[in-house]
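# A look at the structure
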Amino acid sequence: MGSVKIKNMTKTFGDFTALHDINLDIEEGEFFALLGPSGCGKTTTMRCIAGFENPTSGSIYIGNREVEKIPANRRNCGMVFQSYALFPHMNVFENVAYSLNIKQLNASNPIKQMGIYARLLTKRFGKYPDDLKKKVMEILEYVELENHAERLTSELSGGQQQRVALARALVMEPAVLLMDEPLSNLDQKLRHSMRNTIRTIQQDLGITTIFVTHDQEEAMSMADRVAVMDKGQIVQIGTPTELYSNPSTPFIANFVGTSNILKGTVEGEENGFTVVKGEGFLLRSSTKAKKKEVDVIIRPEHVKVEAADSVIDHATTNVIEGTVIMSTYLGSIVRYDVQVGSYQLVVDTTYSSGANIFEEGKKVKLTVDHERVLLI
Amino acid sequence: MNRIKNSFNGLTVVKVLIYAFFGLFMLLPLLSVFVVSFTGEPTNLLGSLTDPAIFNSTLEKFKNISLDNYKRIFSGKGYFSALKNSLALAFTVTIIIILVCIPLAYGIARTKMPFKKTISALCMIPLIVPTFISAYAFIIMFGRAGWVTQIYNALGGEGMLLNPYSMAGVVAVQVFFFFPYALWPLVAAFKVSDISLEEASQNLGAKNWFTFIFVTFPLALPGVISSALLIFTVSFSDFGSPIVLAPKELNLLVVEAYREISGFFNWGGAAILTVVMVIVAAFFFYLQHLYTKGKNYGSVSGKPKQQKLIENKLLTRVLSGYSLFVVLIPLLAMLSVALQSVATTWGKDLLPSGYTLNHYKTIFSTSMGNIQNSIMLATGALVLSVIIATFVSYFVVRQNSAKLDFIASIPLVVPGIAFGIALIQTFNTMPLQLTGTAVLLIIAYTIRRLPYMVRSTMGSMRAIKQDIEEAAVNLGATPLTAAITIVGPLMLPGIAAGSVLVFITVIKEASVSILLAPPEWAPMSLAIFQNILRAEYYSAAAMSVVLVVLVLVLQGIANIIGKKQRL
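Source: prediction; values computed, not measured.

## Topic: the interface of chain A and chain B
- Contacts between the two partners involve 29 residues from chain A, matched on the other side by 21 residues from chain B.
- Its largest share of buried area at the contact with chain B, chain A owes to A:N73, A:H89 and A:Y98, together 25% of the area lost on that side.
- For the interface between chain A and chain B, the tally reads one salt bridge.
- As a salt-bridge pair, A:R47 and B:E470 come within 2.6 Å of each other at their nearest N and O atoms.
- On inspection of chain A and its partner chain B, the count reaches six residue pairs in polar contact (both at pLDDT 80 or more).
- Among the elements of the structure, α1 (42-50), β6 (77-80), α2 (92-107) and α3 (110-121) of chain A are those that each provide at least two residues to the side of chain A that touches chain B.
- Among the elements that make up the side of chain A that touches chain B, the one with the highest residue count is α2(A) (five residues).

Here's what the structure looks like:
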């Protein structure tokens, strides 16, 4: 097990800068997600850690070892590939046993090596030592595939293949587990249960895990910490709640959950609140503004919709007037699109049965608490 | 230092070895032939690197460099007429084959002509039979005592219908035994061209023949030209039929080069002829490559087009009769060989005077060695080419090694006889004296047939995704171990398909065998060739039948493997 440290890593392909000055400090036993849109550099970062790409500059440490000069096959990073990359000519057992065979191969004399090659290449001469067999079966039991050891990988379902890939990576007791979009090939339902499986196994083994995904929900629900990447750079690192409540840029606010982003100008301070004015709104925020022109971030679920004639106490909350353009009933919540000045705000309200849904064209009052208005 | 150590892994060593193999056994011989074509005498390039004395004598020879040999080819009769005749032969064969194949291909691709399946199956025969056997078969049929000649005379003809020992004879053999090389590309060309264009033409009022000439044929033209260029190279490089059939007064490059080297040991003359052969063959190969690169056979789309096959009774019957005639001649030629192999004597009459299995007894008692040699040499070449081709396709597909791709396809353009001469010249002296050994023969076979193997292994290599290999490395395997345990097994189908092809073509190989095989390693092809020269026709026939049967059996095995793979 080990921590992973990346210092000032840059990677260029010809003229294209894929990674720019990446710094990461992942603790031992941490479940860490690299999150970002496609082409943001998250997979390249992972491939650099695994040793499939060499950084143009900067350094990578796994544990206390600087790994830059260590070839991929000696880095001891277990990787779960996006396509799983299971060996199609081997059955489940042989797939999982592969790394153990290689370990033995490297530790044997040439004559023994021939025997190991023979069992890697043919099934007939495949005599596995008992300890190796036991180890493989243990890990297969762990991922609940002990009854499928003799199956070809092509005969397995997507979820089972995923677990074989996981078992194959775990059996070598890697210093760090790397997962490249491991859930993207599964259907919605399986994805949810697989999320729990992976998280449970990670917690259970306490293995340092780096997880690449473009799905913010996946990253937020599974990881201890998330690094959001964009255009080859890390934009923000933090726990899921930090990222959600304190996004450092509008990009993150939008990428991590849905946000209403408004352009505003700071007018001054009043009773400890910052006053921001924009097209069609005037808002008070508990955030201290660092500059005059700011982005105002408001999460849809932090807004309440009231009738136009209701009386609201302005001292504790902001009130904005608007017109409902569309209302969408989504089961437990109702989502409104509300026109405010030149903006269309998205508002999510919890729906309890029998409550009124505001119709399209209706004038409404929107309320947001001061501390829910974020200025960046 | 560390960096150098990192990049210097097992795979790099393999790559260096492969380059060394090609460099030593292909590029160096070709280069040294090129040098000898100027110096006029054997030049030991390899020795010059190891021995200062040889180096000095090489320098001495370089001083005598002259264009004399080149002058000879463009002036005077000898070499120039050989070049002229070879070009004329290739040109004539190409034109005739294209003309013969167009109706045949049209019939197979576009009509419901009777016996279509039989005709397609019979088109395989010429591909199985080595040309020196087919040339010999033509002697049995059309020679002075041949049965065709006898029928012809009985019908009132004078002399021979077709003198096999002539240019016309060589042309005829090549036409009837090389036409399948052009046929299948042409069938493909006729199949892909868009039928709706033809229907449009008919709809506009054009007659059928008019549509064929002005719409169908132009659409198939890229296919026609590309196959014409291919046939040209094949005919130009063929050694088997000219060496058996060409009379003394008919100069052909391949025969001339063979005589210079085996009869007169005229190194300079053989070298210049070799250089000319390689240049001409490479030029036409390059033209074909250039031509097919730009064109993608017209209107090919992913959508399978339902084609309406022509059912016109008169047309299909005429086409079928014509096609049967074309495919029947190779079949009759082979049957003639088979009949001769069981005949006591055959020559005076239409049919043999009696039948016997003695010729088979003879070859199985006295020539068993040749059969064993063929199998062992082919196995050697097979093993070597599997190893080399697997790694070559690995480097080409995974490391984008365009250089290696190019080098591995050079053997396609070097005629067998030219390559044989180059090897003899390079390895007949120290420090690497290999001429007259089985090793050099196996290496020659391997290099000549490597492109087939590479093509087939490269296909299956492309089908293996990169991440499967990365997974193996990630699990601790070195790139070399990953190649052996993961990539190798996954390439097996491609290797199996290529292996059969290599084995068959090595057994059929005439030019390299005749030039390079030492007596104790004489393969079947050489034995047959020598029997024909010695006029021992009956044992030649029996041996030919054994060879063809061996090839057929292997082809059958290949088909079975192929079917299993697809299931």
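## A look at the pairing of strand β4 (residues 57-62) of chain A
Residues and elements named next belong to chain A.
- Pairing of strand β1 (residues 4-13) with β4, which is carried by five bridges, proceeds in the antiparallel orientation. Bridge pairing in β4 links V4 to I62.
- Hairpin connection, β4 to strand β5 (residues 65-66): the antiparallel pair is bridged by two residues, and G63 has positive phi, about 65°.

## As for the packing of aromatic side chains
- Across all of its chains, the model carries 22 aromatic pairs over all chains by this definition.
- When the ring of B:F25 is compared with that of B:F427, the centres are 5.3 Å apart and the planes differ by 35°; the resulting orientation is tilted. Taken together, the residues B:F25 in helix α2 (residues 10-39) and B:F427 in the loop between α21 (416-426) and α22 (438-463) connect sequence positions 402 residues apart. Summarising the burial analysis for this pair, B:F25 and B:F427 share the class buried.
- Three or more aromatic residues link up through ring pairs in this structure, and these residues are B:F21, B:F22, B:F25 and B:F427.
- Over the aromatic face of A:F87 sits the side chain of A:R168, whose NZ or CZ is 4.7 Å from the ring centroid.
- A cation over a ring is seen here: A:R299 above A:Y244, with NZ or CZ 3.9 Å from the ring centre.

## Some thoughts on the packing of helix α6 (residues 78-110) of chain B against helix α15 (residues 253-262) of chain B
Residues and elements named next belong to chain B.
- The geometry of α6 relative to α15 is characterised by a closest axis approach of 8 Å and an angle of 140° between their N-to-C directions. Classified by the angle between their axes, α6 and α15 sit oblique to one another. On α15, the residues touching Y79, A82, L83 and S86 of α6 are L253, E256 and E260.
- Residue classes in the contact of α6 with α15 are distributed as four nonpolar, one polar and two charged.

## Quick notes on the state of the cysteines
- This model, assessed by the stated rule, comprises zero disulfides over all chains.
- Considering cysteine sulfurs only, B:C101 is the nearest to B:C123, which forms no disulfide, with 8.0 Å between them.

What counts, and at which threshold
- Residues numbered from 1 in each chain as written.
- Chains lettered and ligands numbered in written order.
- Predicted model: local features only at pLDDT ≥ 70, side-chain atom pairs only at ≥ 80, totals over all residues.
- Heavy atoms only, no water.
- Contact = heavy atoms within 4.5 Å.
- Buried area = accessible area lost by both parts, 1.4 Å probe.
- Salt bridge = Lys/Arg side-chain N within 4 Å of Asp/Glu carboxyl O.
- Polar contact = N/O pair within 3.5 Å; in protein donor to acceptor, adjacent residues only side chain to side chain.
- Helix = DSSP H or I, 4+ residues; strand = E, 2+ residues; numbered from the N terminus.
- Pairing = 2+ DSSP bridges.
- Phe/Tyr/Trp six-rings, centres within 6.5 Å; stacked < 30°, edge-to-face > 60°.
- Buried < 20%, exposed > 50% of the residue type's maximum accessible area, 1.4 Å probe, protein only.
- Lys NZ or Arg CZ within 6 Å of the ring centre and 35° of its normal.
- Axes fitted to C-alpha atoms, helices over the stretch in contact; angles between N-to-C directions.
- Parallel < 35°, antiparallel > 145°, perpendicular 65-115°, else oblique.
- Nonpolar A, V, L, I, M, F, W, Y, C, P; charged D, E, K, R; others polar.
- Disulfide = S-S within 2.5 Å.

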